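# Examination of the molecular architecture
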Amino acid sequence: MLPFTVYFSPDVFFPQNYPLYIRSVPSQNELKFHYTVHTSLDVVEEKVSAVGKSLADQRELYLGLLYPTEDYKVYGYVTNSKVKFVIVVDSSNTSLRDNEIRSMFRKLHNSFTDVMCNPFYNPGDPILSKAFNGIVSGMMVQTS
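Throughout what follows, the structure given in this document is the object of discussion. (Residues numbered from 1 in each chain as written. Predicted model: local features only at pLDDT ≥ 70, side-chain atom pairs only at ≥ 80, totals over all residues. Heavy atoms only, no water.)

### Quick word on unusual backbone geometry
If you check the backbone angles, K82 has positive phi at about 70 degrees while not being a glycine. For K82, the position within the fold is in the loop between β4 (72-78) and β5 (84-90). Given the relative accessible area of 42%, K82 is considered partly exposed. (Helix = DSSP H or I, 4+ residues; strand = E, 2+ residues; numbered from the N terminus. Buried < 20%, exposed > 50% of the residue type's maximum accessible area, 1.4 Å probe, protein only.)

Okay, here's the thing in structure tokens:
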């Protein structure tokens, strides 16, 4: 295995575009990740509105590669309730394929659904669930 730094940042945003969960590895570039993720929300909105015009109810939740940069690849996913998931990975990480990213989003969505079904969680509050954090940590280990 070649030594390289894996950048992985799964983020969850409420429909009004404020973050419910943000985590990045390594943490020294956290501000850069925040900027990249927030700029990707504009691309998510463009893709969702374009898909919404072409198909009324039937749409793919996985938006695919939103945009590549020199350092990162940014992927997006939107739920039926307009909650946005964004994953940022290092562009030198060629081991991750599109179907693996799609699988990660499905895991995140399922775990997010579990958080929402918790009667003690108030929708709109930051996600502090240990189970959700465990799923994210497992995905981070998988990508490294």
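### Section: the pairing of β5
With 7 of 7 residues buried, β5 is to be regarded as a mostly interior element. By the alternation rule, side chains of β5 split into K84, V86, V88 and D90 and F85, I87 and V89, which are all buried. Linking β4 to β5, which pair antiparallel, is a turn of 5 residues; within it K82 sits at a positive phi near 70 degrees. (Pairing = 2+ DSSP bridges.)

### Section: the pattern of salt bridges
Opposite charge on two side chains permits them to pair, given that their charged atoms come into close proximity. The full count for this structure, using the stated rule, is 2 salt bridges. Between E45 and K84 there is a salt bridge, and its shortest N-O distance comes to 3.3 Å. Highlighted residues: E45 in helix α1 (residues 30-54) and K84 in strand β5, separated in sequence by 39 residues. As a salt-bridge pair, D98 and R102 come within 4.0 Å of each other at their nearest N and O atoms. Taken as a pair, D98 and R102 lie in helix α2 (residues 98-117) at a separation of 4 residues, close to a single helical turn. (Salt bridge = Lys/Arg side-chain N within 4 Å of Asp/Glu carboxyl O.)

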